[in-house]
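Spelled out, the chains give:
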Amino acid sequence: MADELFYVSGATGAAVENFKKYVAPWEAQTGHTVTMVPMPSSTTDQFAQYRLWLAAGSTDIDVYQTDVIWAPQLAEQFVDLTEAAKDVAGNHFPSIIESQTVGGKLVALPIFTDAPALYYRKDLLEKYGVAVPKTWDELTAAAQTIQDGEKAANPDFWGFVWQGNAYEGLTCDALEWVKSFGGGQIVEPDGTISINNEKAAKAIETAKGWVGTISPEGILSYQEEEARGVWQTGNAAFMRNWPYAYALGNGDDSKVKGLFGVTTLPAGSADEKSAATLGGWNVAVSKYSEHQEAAISLALWLSGPEVQKMRALNETNLPTIVSLYDDAEIAEKAPIIPQWKDVFLNAVPRPSAPTLTKYSEVSAKFFNAVHETLAGNGSAADNLAALEADLTDLKGDGWK
């Protein structure tokens, strides 16, 4: 008997149109149908809605597209896929399967991994004799030089666009700044709260200096798509964004098609390393679904090699299946992908594993403290000291 499934996911870029292409072969093979329920692209908003549905035991959604950080918080609401995926789990990067395993249960299957990049205008770096920046200070200087030159003819031009809104995306951006200055990971893998330190404060003060200089004042409300909008219309020299923006930036409607390159994000100094927040998306089956067999079949299909290859070619999404990094067609049509293997293998995870069910609160307290600093409400040092006190209260006698 044919089932009608409902799949919920954020809708960024061309996600809705592409999803129809990805599921069409599965629908043809199985006779089932699947409808995508689009969510806002803000992961913070998505997570809040997911929690409401799952807490209510809703049968309306069969399959959830989940962020890499959500597994510890939602594990109890999802079907254990260990048995269903026993023959294919070994095809994926082990660290990604591990990130979706909670208490011995595989609660979601990976569909793509993610690590952000620094996008730069090759033509403008050449025009102004500027090298690809390796440190944040070099980026600041390069962005200012190009912006000063371009603004005369184009008042809408900016040096650098990124994600400054108070949401999960700012946790990602700010974790990169802090880690790349040697300031740790907010909460360390052993559960220690480490964010209140001079290197972390210096990192956030550096970013504060961009607001209203090389980045617009409005950056404090930007998410991924606002940054991409400025970049893709030719109005920025540099952009921090995820790999999905690569394919869209080379689309026929893009003003920057063929004009940009991608590199690792800058480091805090020549002695420090670049840091890229580990992202990525997975598929989980609701334990409240009335069509679990079909839903598990869909999850296996979406995480399998056919769809991961389609995603790589259509959306420059990074596969989690190791063998696809040696695929000749991907290397030819999406050259960013083989280059990116080393970047995300060294990516920095958000502290969802050590903070367990408290992660969302930890992240919200962190991005709000950073946002306050960027907006000029208190120094980074003062705001991080207050954050440490808040996190200590939240931790209590241990993360649970």
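Note that the structure is a prediction, hence the values are computed from the model and not measured.

Draft legend 1. Expanded view of the overall build of the protein. Scanning the protein for helices and strands turns up 17 helices and 11 strands. What you see for the protein is a C-alpha radius of gyration of 21 Å, in line with the 21 Å of a compact globule of 400 residues. With respect to the principal axes defined by its C-alpha atoms, the protein has extents near 65 × 55 × 30 Å. Across the 400 residues of the protein, 56% fall into the buried class. By sequence separation, contacts in the protein at least 24 residues apart represent 74% of the contacts at least 6 residues apart. Roughly 15,900 Å² of accessible area belongs to the protein as shown, and the carbon and sulfur atoms make up 51% of that amount. If you average the places of the 29 positive and of the 52 negative side-chain charges in the protein, the two averages end up 3 Å apart.

Draft legend 2. Molecular detail of the sheet that holds strand β9 (residues 236–241). Strand order across the open sheet formed by four strands is β8-β9-β7-β10, with mixed pairing between neighbours. Only two strands of the sheet have a single neighbouring strand rather than two, namely β8 (158–161) and β10 (260–263). Between one strand axis and the next, the sheet turns through 15° on average, direction left out of account. Note: strand β7 (residues 117–121) against β9, four bridges, orientation antiparallel. Considered in β9, the bridge of Leu 118 is made with Arg 240. Lying over the sheet, helix α6 (residues 136–150) contacts β7, β8 and β9, oriented at roughly 140° with respect to β8. Across the face of the sheet, helix α9 (residues 224–232) comes into contact with β7, β8, β9 and β10 while running at roughly 155° to β9.

Draft legend 3. Looking closely at the packing of helix α8 (residues 198–208) against helix α16 (residues 359–374). Following both chains from N to C, one finds α8 and α16 inclined at 50°, their axes separated by 9 Å at the closest point. Relative to α16, the element α8 is oriented oblique. When the axes of α8 and α16 are compared, the crossing they make is right-handed. Where α8 abuts α16, its residues Ile 204, Glu 205, Ala 207 and Lys 208 lie against Val 370, Thr 373 and Leu 374. Split into classes, the residues belonging to the contact of α8 with α16 amount to four nonpolar, one polar and two charged.

Draft legend 4. Representation of the packing of α8 against helix α17 (residues 380–395) in the model. Relative to each other, α8 and α17 sit at 125°, their axes nearing to 9 Å. With respect to α17, the element α8 is oriented oblique. As for the relative orientation of α8 and α17, their crossing is right-handed in sense. Contact residues: Ala 200, Ala 201, Ile 204 and Glu 205 in α8; Ala 380, Ala 381 and Leu 384 in α17.

Draft legend 5. The nonpolar core, seen in detail. Core analysis: the biggest nonpolar cluster contains 85 residues, and Tyr 119, Phe 160, Val 161, Trp 177, Ile 195 and Phe 238 have the highest contact counts within it. Excluding residues within four positions of it along the chain, Tyr 119 makes contact with Trp 231, Ala 237, Phe 238, Met 239, Asn 241, Trp 242, Pro 243, Ala 245, Tyr 246, Phe 260, Gly 261 and Val 262. Judged by nonpolar contacts, the second largest core, of 48 residues, contains Tyr 7, Phe 19, Leu 109 and Ala 294.

Draft legend 6. How the structure looks around the pairing of strand β3 (residues 63–67). The element β3 is largely enclosed, with a buried count of five among its five residues. Taking every second residue as pointing to the same face, both faces of β3 are buried, with Val 63, Gln 65 and Asp 67 on one and Tyr 64 and Thr 66 on the other. Where strand β1 (residues 4–10) lies against β3, two bridges are found, and the strand directions are parallel. The partner of Tyr 7 across the bridge, within β3, is Val 63.

Draft legend 7. Examining the sheet that holds strand β6 (residues 109–114) more closely. Reading across the sheet, the five strands line up as β2-β1-β3-β11-β6 and stay open at both edges, with mixed pairing between neighbours. Among the strands making up the open sheet, the edge pair consists of β2 (33–39) and β6. If you compare each strand with its neighbour and ignore which way they point, the axes differ by 20° on average. Bridge count for β6 against strand β11 (residues 279–285) is five bridges, and the pairing is antiparallel. Counterpart to Asp 114 in the pairing with β11 is Gly 279. Sheet strands in contact with helix α1 (residues 15–30) are β1 and β2, and its direction is about 160° off that of β2. The strands touched by helix α11 (residues 292–302) within the sheet are β1, β2, β3, β6 and β11, with β11 carrying the most contacts at an inclination of about 155°.

Draft legend 8. Main features of the pairing of β9. Taking burial as the measure, the six residues of β9 include six buried ones, the bulk of the element. Judged from the three bridges that link them, β8 and β9 form a sheet pairing that is parallel. Bridge assignment links Val 161 to a residue of β9, and that residue is Met 239.

Draft legend 9. Summary view of unusual backbone geometry. Of note in the backbone geometry, Ile 186 takes a positive phi value of approximately 75° without being a glycine. Under the relative-accessibility criterion, Ile 186 is labelled buried at 2%. Not every positive phi belongs to a glycine, and Leu 356 is a case in point at roughly 50°. Position of Leu 356 among the secondary structure elements: in the loop between α15 (352–355) and α16. Residue Leu 356 is classed as partly exposed on the basis of its relative accessible area, which comes to 32%.

Definitions and limits used
Residues numbered from 1 in each chain as written. Predicted model: local features only at pLDDT ≥ 70, side-chain atom pairs only at ≥ 80, totals over all residues. Heavy atoms only, no water. Helix = DSSP H or I, 4+ residues; strand = E, 2+ residues; numbered from the N terminus. Rg over C-alpha atoms; globule rule 2.2 N^0.38 Å. Buried < 20%, exposed > 50% of the residue type's maximum accessible area, 1.4 Å probe, protein only. Contact = heavy atoms within 4.5 Å. Areas by Shrake-Rupley, 256 points an atom, 1.4 Å probe, with all protein chains shown as cover. Lys, Arg positive; Asp, Glu negative; His and termini not counted. Charge placed at Lys NZ, Arg CZ, Asp CG, Glu CD. Pairing = 2+ DSSP bridges. Axes fitted to C-alpha atoms, helices over the stretch in contact; angles between N-to-C directions. Parallel < 35°, antiparallel > 145°, perpendicular 65-115°, else oblique. Left-handed = near helix turned anticlockwise from the far one by under 90°. Nonpolar A, V, L, I, M, F, W, Y, C, P; charged D, E, K, R; others polar. Core = buried A, V, L, I, M, F, W, Y, C linked by side-chain atoms within 4.5 Å.

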